[in-house]
Amino acid sequence: MDIQQLLRENIRRLKPYSSARDEFSGQADIYIDANENPYNAAYNRYPDPLQKVVKKKISQIKGVPFNNIFLGNGSDEPIDLIIRAFCNPGIDNVIAPNPSYGMYKVSADINDVQLIQVPLTPEFHLNFDDIRAAADAHTKVIFLCSPNNPSGNCIPIEDIKNFVSTFQGIVVVDEAYIDFCDQPSMKEYVNIYPNLVILQTLSKAWGAASVRMGMAFASAEIIQILNKIKPPYNISKPAQEAALEILEHEDQVRQQAATVISERKRMALELTRYKGVKEIFPSEANFLLVRVDDANKLYHWLTSQGIIVRNRHGQLHCDNCLRLTVGTPTENDILFIKLNEYYHEKDFVFG
Ligand SMILES: Cc1ncc(COP(=O)(O)O)c(C=O)c1O
């Protein structure tokens, strides 16, 4: 597949901004090249535009070669950059399943690119034939989210592989919740499929949502394109430093993820005990999508009790559904006590 052919013409021709730190990255005594404040302090200098130290660490942890890694200001940044690189506003389109993560649509809308939504089944399964049927000559990017937000289920890897190998555009697999799921990441396939992009993030299992750092793994060619069009210093120095510190604690992150997974199972089991809970969708993420008798009512009541959940009522196939993020064991216990109060099941004894 010719990735350059897929690119927007203006992006192919673009001469990227060359920052001071791009033009000289060695060691010197005096830096009077970037119009910075000369009085050295923690943050007076621009950061490394390519975040090399952080990428080396991520490369070690993830087993992905350095040249196949892009870092963004959250994974929301590569979502936007991919649309911008490949889709001509007002002409091209992207496809995403429905329901799925809301930023695919927002980013497409911002870029004046049509988002074609392909309905999942009521059980939130994806039929790739529906995607093939929806795609046309202007479909440049497909966003797949696995595990999917808000449903929590994964798309089988073999199905994605079959699709990527035949689709003549970019396939993005958003693995924001991969650390909570049994299915392995597809990151090892980025050097097999030149059109595959894997997104991961420090915002979920890594416990660093406020750092704003997302990872895109892809062929070196796609990574170069993203580097070409990103804002020159898209990751601040404090964010790079925080990421390095967080990446030192992989063991703790794995342990926390294991606890979240076991709490997710406990929550799913406990929730079956409430008469008002009608359906609990199988989840491989750090949340559960739960159908209740009256989602709006329960949502407002929980809010009044100081518990904020995500109301997904109104999304396709999500009638009366709330999305509950798995909290700490203590937080989950409080949720159960509150649900018990709400549903007046006085005989319910919390274990
Ligand atoms: C599927 C999915 N992708 C990406 C993100 C955003 O991640 P980040 O914080 O890295 O921008 C989210 C956040 O909720 C998400 O659910």
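As a reminder, the structure under discussion sits directly above these lines.
Residues numbered from 1 in each chain as written. Predicted model: local features only at pLDDT ≥ 70, side-chain atom pairs only at ≥ 80, totals over all residues.

A. Looking closely at the overall build of the protein chain. Tallying secondary structure elements over the protein chain gives 13 helices and 11 strands in all. Buried residues in the protein chain amount to 38% of all 351 residues. (Helix = DSSP H or I, 4+ residues; strand = E, 2+ residues; numbered from the N terminus. Buried ≥ 20, exposed ≤ 12 C-beta atoms within 10 Å, placed from the backbone.)

B. Expanded view of the site of the ligand. As a structural note, the neighbourhood of the ligand is formed by G74, S75, D76, Y101, C145, N149, D174, A176, T201, S203, A209 and G214. Each residue belonging to the shell around the ligand can be placed in one class, and the counts come to 4 nonpolar, 6 polar and 2 charged. (Near = placed C-beta within 6 Å. Nonpolar A, V, L, I, M, F, W, Y, C, P; charged D, E, K, R; others polar.)

C. Spotlight on helix α4 (residues 52-62). For α4, the full list of buried residues reads V54, K55 and I58. Buried residues of α4 fall within an arc of 95° about the axis and therefore sit on the same side. For α4, the exposed residues lying more than 90 degrees away from the buried face are K52 and Q60. Phi turns positive, to about 70°, at G63, one or two residues after α4. (Arc of directions from axis to C-beta.)

D. Fine view of the pairing of strand β5 (residues 170-174). Across the 5 residues of β5, 5 count as buried, placing the element largely inside the fold. Every second residue of β5 is oriented toward a common face, with I170, V172 and D174 on one face and V171 and V173 on the other, all of them buried. Taking the sense of rotation as the criterion, the β-α-β connection linking strand β4 (residues 139-145), helix α8 (residues 157-166) and β5 turns out right-handed. Judged from the 4 bridges that link them, β5 and strand β6 (residues 196-201) form a sheet pairing that is parallel. Counted as the bridge partner of V173 is I198 from β6. (Right-handed = clockwise from strand over helix to strand, strands pointing away. Pairing = 2+ DSSP bridges.)

E. Spatial organisation of the sheet that holds strand β8 (residues 277-280). Spatially, the 4 strands line up as an open sheet ordered β8-β9-β11-β10, and their pairing is antiparallel. Only two strands of the sheet have a single neighbouring strand rather than two, namely β8 and β10 (310-311). Pairing of strand β9 (residues 287-292) with strand β11 (residues 321-325) involves 5 bridges; the strand directions are antiparallel. What sits directly across from F287, in β11, is T325. Its contacts with the sheet put helix α11 (residues 250-271) on β8 and β9, and the angle it makes with β9 is roughly 10°. Strands in contact with helix α12 (residues 295-304) are β9, β10 and β11; relative to β11, the strand with the most contacts, it is inclined by about 35°. (Contact = placed C-beta atoms within 7 Å. Axes fitted to C-alpha atoms, helices over the stretch in contact; angles between N-to-C directions.)

F. Local environment of the pairing of strand β1 (residues 69-72). Residues of β1 alternate between two faces, with I69 and L71 on one and F70 and G72 on the opposite face, all of them buried. Relative to strand β7 (residues 214-218), β1 runs antiparallel, the two sharing 4 bridges. Looking at β7, one finds that F70 is bridged to A216.

G. Here's a closer look at the sheet that holds strand β2 (residues 93-98). Taken in spatial order, the 7 strands line up as β1-β7-β6-β5-β4-β2-β3 in an open sheet, and their pairing is mixed. In the strand order of this sheet, the two ends are held by β1 and β3 (114-119), each with one partner. This sheet shows a mean twist of 25° between the axes of neighbouring strands, independent of strand direction. Examined bridge by bridge, β4 and β5 share 5 bridges and lie parallel to one another. When the bridges of β5 are listed, I142 appears paired with V171. Together, β1 and β7 form the strand contacts of α4, whose direction differs from that of β1 by roughly 125°.

H. Region of the structure containing unusual backbone geometry. For the bond running from N98 to P99, omega is 0°, close enough to zero to count as cis. Here the residue pair S146 and P147 is connected by a cis peptide bond, since its omega of -5° sits within 30 degrees of zero. Mapping P147 onto the fold places it in the loop between β4 and α8. With a phi close to 70°, F124 is a non-glycine residue in the positive phi region. Overall, the presence of 20 C-beta atoms within 10 Å leaves F124 in the buried class. Positioned with a positive phi, R212 is a non-glycine residue whose angle comes to about 60°. When you line up the elements, R212 lands in the loop between β6 and β7. The exposure class of R212 is buried, given the 21 C-beta atoms found within 10 Å.

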